[in-house]
Amino acid sequence: MVRYVASDELSDPPPAEHGVRLLNPDGTPRAHPEFDALLDVEDLKSCYGAMLRARHLDDAATTLQRQGELALWIPLRGQEAAQVGSVRAAAPADFLFPSYREHAVAWERGLPPVEVMRLLRGITHGGWDPAAYNLANYALVLATQTLHAVGYALGIQLDAERARSAGPGMAAVATVAAATEGRANIGRPTIGSDPENARGAPARGHPENIVGPPIVGRPTNTVGLPNVGRPTNLGDVLDAAVVVYLGDGAMSQGDANEAFVWAASFNAPVVFFCTNNQWAISTPAARQARVPLAERAAGFGFPGVRVDGNDVVAVHAVTTWALERARAGAGPTLIEAYTYRMGPHTTSDDPTRYQPAEALDRWRALDPIDRVARALAPVCDPGWFDERLAEARATATRLRAQTLALADPPPDAFFDEVLVTETDEGRAQRAAFREYRESFQV
Amino acid sequence: MSMRTLRPAAVPGTIAAPVSPAPAPAAAGAPEHAAAEDAARPVALAKALGAALRDAMAADERIVLLGEDVGRLGGVFRVTDGLQREFGEARVIDSPLSESGIVGAAIGLAMRGYRPVCEIQFDGFVYPAFDQIVTQLSRLRQRSGGALRMPVTIRIPYGGGIGAVEHHSESPEAYFAHTPGLRVLTPSTAADGYLLLRQAVACDDPVIFFEPKRRYWERGPLTPAEDPPLPMERARVTRPGSDVTLLAYGPTVRTCLDAAAAAAAEGRSVEVVDLRSLAPLDWPTMTASLRRTGRAVVVHEAPVVAGLGAEIAARLTEECFYHLEAPVGRVGGYHVPYPPARLEKEYLPDLDRVLDAVDRAFGH
Ligand SMILES: Cc1ncc(C[n+]2csc(CCOP(=O)(O)OP(=O)(O)O)c2C)c(N)n1
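Just so it is clear, the structure is predicted and the values come from calculations on it, not from any experiment.

What counts and what doesn't
- Residues numbered from 1 in each chain as written.
- Chains lettered and ligands numbered in written order.
- Predicted model: local features only at pLDDT ≥ 70, side-chain atom pairs only at ≥ 80, totals over all residues.
- Heavy atoms only, no water.
- Domains from an automatic or database assignment.
- Buried area = accessible area lost by both parts, 1.4 Å probe.
- Salt bridge = Lys/Arg side-chain N within 4 Å of Asp/Glu carboxyl O.
- Contact = heavy atoms within 4.5 Å.
- Polar contact = N/O pair within 3.5 Å; in protein donor to acceptor, adjacent residues only side chain to side chain.
- Core = buried A, V, L, I, M, F, W, Y, C linked by side-chain atoms within 4.5 Å.
- Buried < 20%, exposed > 50% of the residue type's maximum accessible area, 1.4 Å probe, protein only.
- Helix = DSSP H or I, 4+ residues; strand = E, 2+ residues; numbered from the N terminus.
- Pairing = 2+ DSSP bridges.
- Axes fitted to C-alpha atoms, helices over the stretch in contact; angles between N-to-C directions.
- UniProt positions renumbered as here; feature names shortened; annotations may be inferred.
- Near = heavy atom within 4 Å.
- Areas by Shrake-Rupley, 256 points an atom, 1.4 Å probe, with all protein chains shown as cover.
- Phe/Tyr/Trp six-rings, centres within 6.5 Å; stacked < 30°, edge-to-face > 60°.
- Lys NZ or Arg CZ within 6 Å of the ring centre and 35° of its normal.
- Expected span 1.5 Å × (residues − 1).

Caption draft 1: Region of interest: the domain arrangement of chain B. Residue and element names in this part refer to chain B. Taken domain by domain, chain B consists of domain 1 (27-220) and domain 2 (236-361). For domain 1 and domain 2, the distance between their C-alpha centres works out to 26 Å. Taking both partners together, domain 1 and domain 2 bury about 1,900 Å²; carbon and sulfur atoms supply 51% of that area. Linking domain 1 to domain 2 there are 3 salt bridges.

What follows is the structure, encoded as structure tokens:
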């Protein structure tokens, strides 16, 4: 179960490294000048359940792969807080673009866990209806999804313009002009009562954590567990925003950088959530950047924040703030969740060839689930923890059974949905394929 | 017949055209876009394309344009001239100089319910967007189990003959025709420019729309050649003939019509088929023509090696073997990078190279 560790046992990276933190590794709350904790005890208990469930599902999937039941598994171990904290900051109307490791994001979004297994068992290349969960299909080509996210965010802006303007011509629309001429926001919305809040105020307190201007917050209540507080007084001018996930390696792709340019240029309501798990297969994050990744944002003209990716409370607070900013028309944010990939890149990988064992030990002490367990220990009895564990195990057992019961697709399924309207050529090839197969049946 | 005599082009000026990027010459006193009520008046292909976009945008507010210089400038070929003034900067978006971004953002807009029309400024600059087209746009429908539609049109001015510098004269259509999940269209006339672009924008599948840039200034009526208008997957027998079939598309249709006219003067009846759709290809029209004439030559500007002509020749041989009087011929670019402007006349298939191939088809 939960391993209780005294705080002095934990090797804690210095603040400059871990970024915004609201929950210490020993489970005690921590004040931050700009960000309030927004999760109360009940929220935190729920997050704990979700993270534990994700860990058990993840392990079950690795086992299934080892037994030959999945073609591949992409473990998320170590990234539970980054995923659960960020997805819980998103509203149902917000649209999320995962990369390929955000299983906990997908599950929290309501996607049945077995849907992800269908992909990794080799039944489908994606499979779910993005509109049903406001969750795009996984993107395996690094950073391609960042541009889709920006386009989707532009669509949200256009929707708002269409709602505002009469007639199909939308001749009076000044949206893009406002952004391209550097005047911030689409349609010049009012950003709450205090525009300083949304944009200009310079960073104070922890300059190493926050690159760029954005400070929105109230005094933090540091008594006991973090209190719930709304961090902003921003009014929504857009009814949704976008979160897109990418890795530290993907940050070097052209598409990611083009996406930053577009998002800045159009002031798009998009949150770039970079999971810096320190590795891109065997390539260390230092090969991708000579500055903290969050600092990249400043060069594009929007704020970047590093957050402790193993602190579910901080991830949730920072993502909530970034999303509220986006919905208020204040534009994009880059969040760098500083965490660690606690396992192989995929089940095909052998991290012992490149990963120092000490690093793993150090990060094991910073485990995101143990941290919440420590925070909850004073208020939850051991029986409660036992129940969560039993629940997580049961979910994993169910997943296993569901995965084993998955049927292979019909042999000609690869002809399906290539185009909305199947071509004569497609029909002819499908017919020839069937005829060929049937020729083997006596 | 003297095979080595250079024949004069029946229509002068099929190669010569303004050096890009250059504005299309404005029709004197003509309105910005040809009005529907005046569809019989000849307009330039570039204007016809602009009219198609205009009419489509007026009919459907989900249609948005994205591209480099498409708004304030009206595009380097002026195809989108006046559209930003009419529809606003939110729907005619001057994008950052980022081709992957243009297509990637269009995908996201489509996911949100829009119908984006992208402009890639020149053929040779589509490659930065190639990944988004091939790994994303073409596959998102199947990847989503049929949940997503990708009604994205990507307009690409293509082909040579305009005396341009490198990367401004290429014919990359085979890459896209080779890619499952895409439709590839290319008009050769103003009427088809209008019709096919309207059909492309109305289509729920991604369409790569190749515009023959050296034909942008050739004029024709907007009225569709057929009533009802031809579906976008259909080829057209543009000039009927009985001795040999020329299969052409985009810029080489005019070349083949000129060749057919020249051949007629020599007593040979040449049929010209305008493919119009490169993906899917219209096999029934092609095979019917070949069964009539017994001979076929495919003509395109792109290199012959592994080009569309290879697919067409192979397939026609499979399907019409016993009707063939000669192997299916191919005329196209050499397997070299598109040459500098002073040499492009040597590289591009012209009337003589086409008729040379026709002569060879009769030499068997
Ligand atoms: C364009 C592209 N290049 C290479 C790959 C192969 N590849 C898959 S994951 C990966 C590492 C990505 O690392 P990062 O972005 O840090 O994300 P992580 O896997 O650590 O979550 C690589 C190189 C790919 N999927 N796409």
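This is not the end of the story, as more comes after the structure.
Caption draft 2: Quick peek at the interface of chain A and chain B. With 51 residues of chain A in contact, the opposing surface of chain B contributes 53 residues. Interface area, chain A with chain B, both sides summed: about 4,000 Å², of which 58% is carbon and sulfur. Considering only the surface of chain A that becomes buried against chain B, His148(A), Trp262(A) and Val420(A) emerge as the three largest contributors, covering 16% of it. Summed over the shared surface of chain A and chain B, the result is 6 salt bridges. With a closest N to O distance of 3.1 Å, Glu425(A) and Arg315(B) form a salt bridge. Put simply, chain A and chain B have 22 residue pairs in polar contact (both at pLDDT 80 or more) between them.

Caption draft 3: Structural detail: the nonpolar core. If you look at the biggest cluster of nonpolar residues, it comprises 86 residues, and the most contacted ones within it are Val270(A), Phe272(A), Ile133(B), Ile154(B) and Leu275(B). For this core, the element with the highest residue contribution is helix α7 (residues 144-164) of chain A, accounting for 9 residues. Those residues in contact with Ile154(B), other than ones at most four positions away along the chain, are Val103(B), Cys118(B), Ile120(B), Ile133(B), Leu137(B), Val207(B), Ile208(B) and Phe209(B). Of all hydrophobic cores here, the second largest spans 74 residues; its members include Ile74(A), Val312(A), Ala314(A) and Ile369(A).

Caption draft 4: Examining the sheet that holds strand β14 (residues 329-333) of chain B more closely. Residue and element names in this part refer to chain B. As summarised here, the arrangement of the 5 strands in space is β9-β11-β10-β13-β14, forming an open sheet in which the pairing is mixed. Of all strands in the sheet, those with a lone pairing partner are β9 (236-239) and β14, marking the two edges. Across this sheet, the average inter-strand angle for adjacent strands is 25 degrees, counted without regard to direction. Bridge count between strand β10 (residues 244-248) and strand β13 (residues 296-303): 4 bridges; the pairing is parallel.

Caption draft 5: Up close: the UniProt feature "domain: Transketolase-like pyrimidine-binding" (unreviewed entry) in chain B. When the UniProt feature table is mapped onto this chain numbering, "domain: Transketolase-like pyrimidine-binding" (unreviewed entry) sits at residues 43-218 of chain B. Annotated as residues 43-218 of chain B, this span is 36% helix and 17% strand, and its ends, taken at the C-alpha atoms, are 8 Å apart.

Caption draft 6: Region of interest: the pattern of salt bridges. Counted according to the given criterion, the structure contains 52 salt bridges over all chains. Across the salt bridge formed by Glu218(B) and Arg215(B), the nearest N and O atoms sit 2.8 Å from each other. The network of salt bridges with common partners includes Arg53(A), Arg88(A), Glu108(A), Glu387(A), Arg388(A) and Glu391(A).

Caption draft 7: Representation of the site of the ligand in the model. All names here are of chain A. Around the ligand, the structure places 15 residues, and the nearest of them are Tyr100, Arg101, Leu140, Gly249 and Trp279. Between the ligand and the protein, one listed contact pairs an oxygen atom with a backbone N or O atom of Ala250 at 2.8 Å. Take Asn277: an N or O atom from its side chain is 2.9 Å from an oxygen atom of the ligand. In isolation the ligand has 570 Å² of accessible area, and contact with the protein removes 72% of it.

Caption draft 8: Region of the structure containing the packing of aromatic side chains. Per the counting criterion, the structure on display carries 36 aromatic pairs over all chains. Consider the rings of Tyr436(A) and Phe440(A), whose centres lie 5.0 Å apart with planes at 80 degrees: the pair is edge-to-face. An aromatic cluster is present here, built from Tyr127(B), Phe130(B), Tyr158(B), Tyr175(B), Phe176(B) and Phe210(B) joined pairwise through their rings. The positively charged end of Arg268(B) is found above the aromatic ring belonging to Phe362(B), 3.9 Å away from the centroid.

Caption draft 9: Geometry of helix α1 (residues 45-59) of chain B. Here α1(B) spans 21 Å end to end across 15 residues, near enough to the 21 Å set by a 1.5 Å rise per residue. With respect to burial, α1(B) is a largely interior element, 11 of its 15 residues being buried.

Caption draft 10: Region of the structure containing the sheet that holds strand β2 (residues 63-67) of chain B. Residues and elements named next belong to chain B. Strand order in the open sheet made by the 7 strands is β3-β2-β4-β5-β7-β6-β12, with mixed pairing throughout. The two strands at the open ends of the sheet, each matched to only one other strand, are β3 (92-94) and β12 (277-279). On average, each strand axis in the sheet is tilted by 20 degrees relative to the strand beside it, whichever way the strands run. Here strand β6 (residues 183-185) runs beside strand β7 (residues 207-212); their pairing, made up of 3 bridges, is parallel. Looking across to β7, one finds that Val184 is bridged to Ile208. Against the sheet, helix α3 (residues 99-111) engages β2, β4 (115-119) and β5 (153-158), with an angle of about 170 degrees to β4.

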